[in-house]
Amino acid sequence: MNELMQMRLRSGGTEGLLAEKLEALITQTRAKQAATMSEVEWRGRTVPVKIDKVRIFLLGLADNEAAIAQAENEETKERLFESLLSECRDAIQAVREELKPDQKQREHSLENDSGKVSNIQYLHSYLTYIKLSTAIRRNESMAKSLQKALLQQQRSEEDGKRTPRPQDLIRLYDIILQNLVELTQLPGLEEDKNFQKETGLKTLVYKAYRCFFIAQSYVLVKKWSEALVLYERVLKYAREVQSGAGAYMNSLKELPDVQDLITQVNAEKYSLQASAILDANDAHETESPSQVKDGKPLSERFETFCLDPSLVSKQVSLVHFPPGFQPIPCKPLFFDLALNHVAFPPLEDKVEQKAKSGLTGYIKGIFGFKS
């Protein structure tokens, strides 16, 4: 069996007559070995395996994973991942066909076992776990290839090839996070606290990397404040992973190292701050020509320094000429100076008489008498 796997690996997983014959031989060999397989153990529970297609898939799982680990290039690894996922989907479909006629029996078993899922349902969860985990590893492998391509971005632009962007990596990490959400919802694993905690830590790791590449995309469009906030969010996720890893270090070994990410983010933050300062200086420099083009004369822009070539030309603009009209107070036609020298007669006696006759006039007015 190992010799057949090595032959398939050397062929690179390409399509053709030789590849078809190798696949047929591998399938026949696994079918012979499958007769001896009767059960599988996963997360402390043993379930029987009665479906031949599932037996064949589980027997070849270790060989397929070994072949992926030994792949020499990314193209071969991608083909092997797709082949493994295709076989896993076929096995899941075979289990689903067994689940349909057994619906009533499974419901009855749930009632008797106090919520414990049936063996066939648990086997379905196990196969779905393999499919989702393989898809995560495939997308992570593609993400690493894109990261290498981003480092060689300038060379790719010179060759005229399509340049990878941080948005491509963001989409891959979105798919990975969706797969992790589906893992936490598998039947039979809702009460497994260790599994939920482990999946939560993996989610934080991939969230940190996704957030990092979102920040990189903001840097490309010179949105410095947004990028700095996202870098701080990356550090927050990474520190949460480091503080909660503890007993789950073995399960996190295959994931990207968050310490390397922290080091990279700190370096990017200093680079971002320097770029923001330089960009601000460039913005001030580019404001001067725009102030010259607005047509203001020199007398209205003494407080702003700018290089204006027109000041040494024959058509220099110093002031507005002719000056514009301005409103001023009107000059009176004549001044009445004689009024200041007029002496009016005294009126004190008139005022006193009016004050004395005030009460009498009031009483007469009440009774209707007139003077």
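Residues numbered from 1 in each chain as written. Predicted model: local features only at pLDDT ≥ 70, side-chain atom pairs only at ≥ 80, totals over all residues. Heavy atoms only, no water.

**Considerations on the packing of helix α9 (residues 193-220) against helix α10 (residues 224-245)**
Their axes nearest at 8 Å, the elements α9 and α10 cross at an angle of 160 degrees. If you check the angle between α9 and α10, you find them roughly antiparallel. Seen along the crossing, α9 lies across α10 with a hand that is left-handed. A class-by-class count of the residues in the contact of α9 with α10 yields 18 nonpolar, two polar and five charged. (Axes fitted to C-alpha atoms, helices over the stretch in contact; angles between N-to-C directions. Helix = DSSP H or I, 4+ residues; strand = E, 2+ residues; numbered from the N terminus. Parallel < 35°, antiparallel > 145°, perpendicular 65-115°, else oblique. Left-handed = near helix turned anticlockwise from the far one by under 90°. Nonpolar A, V, L, I, M, F, W, Y, C, P; charged D, E, K, R; others polar.)

**Structural notes on a nonpolar patch on the surface**
Taken together, the side chains of Leu-311, Val-312, Val-316, Leu-318, Val-319 and Phe-321 define a hydrophobic patch exposed on the protein surface, amounting to about 610 Å² of accessible area. Mapped onto the fold, Val-316 is located in the loop between α11 (258-292) and α12 (348-356). Looking at Val-316, the relative accessible area reads 33%, which means it is partly exposed. (Patch = residues over 30% accessible without salt bridge, like charges linked within 9 Å, V, L, I, M, F, W, Y side chains within 5 Å. Areas by Shrake-Rupley, 256 points an atom, 1.4 Å probe, with all protein chains shown as cover. Salt bridge = Lys/Arg side-chain N within 4 Å of Asp/Glu carboxyl O. Buried < 20%, exposed > 50% of the residue type's maximum accessible area, 1.4 Å probe, protein only.)

**Notes on the pattern of salt bridges**
In a structure, side chains of opposite charge can pair up when their charged atoms sit close to one another. With the rule as written, the count across this model stands at ten salt bridges. One salt bridge in this structure joins Arg-210 and Asp-174, with 2.4 Å as the shortest N-O distance. In this pair, Arg-210 sits in helix α9 while Asp-174 sits in helix α8 (residues 166-184), placing the two residues 36 residues apart along the sequence. A salt bridge links Glu-240 to Lys-236; the shortest N-O distance between them is 2.9 Å. Taken together, the residues Glu-240 and Lys-236, both in helix α10 and four residues apart, mark about one turn of the helix. Residue classification places Lys-236 among the partly exposed residues on the basis of a relative accessible area of 42%.

**Some points on the packing of aromatic side chains**
Applying the stated criterion across every chain yields a total of nine aromatic pairs. Here Tyr-173 and Phe-213 contribute two aromatic rings whose centre-to-centre distance is 5.9 Å and whose plane-to-plane angle is 15 degrees, an arrangement assigned as stacked. Of the two residues, Tyr-173 is situated in helix α8 and Phe-213 in helix α9; the sequence distance between them amounts to 40 residues. Like Tyr-173, the residue Phe-213 is buried in the burial classification. A network of ring pairs unites the aromatic residues Tyr-173, Tyr-206, Tyr-209, Phe-212, Phe-213 and Tyr-231 as a single cluster. Between the NZ or CZ atom of Arg-45 and the centre of the ring of Tyr-122, over which it lies, the distance is 4.5 Å. (Phe/Tyr/Trp six-rings, centres within 6.5 Å; stacked < 30°, edge-to-face > 60°. Lys NZ or Arg CZ within 6 Å of the ring centre and 35° of its normal.)

**Remarks on the confidence of the model for the protein**
Any residue range with low pLDDT should be treated as having predicted coordinates unsuitable for detailed reading. Averaged over all residues, the pLDDT of the protein equals 78, while 74% of them reach at least 70. Confidence drops under pLDDT 50 across residues 287-291; counting only partners more than four residues distant or on other chains, this segment forms three contacts. (pLDDT = per-residue confidence, 0-100. Contact = heavy atoms within 4.5 Å.)

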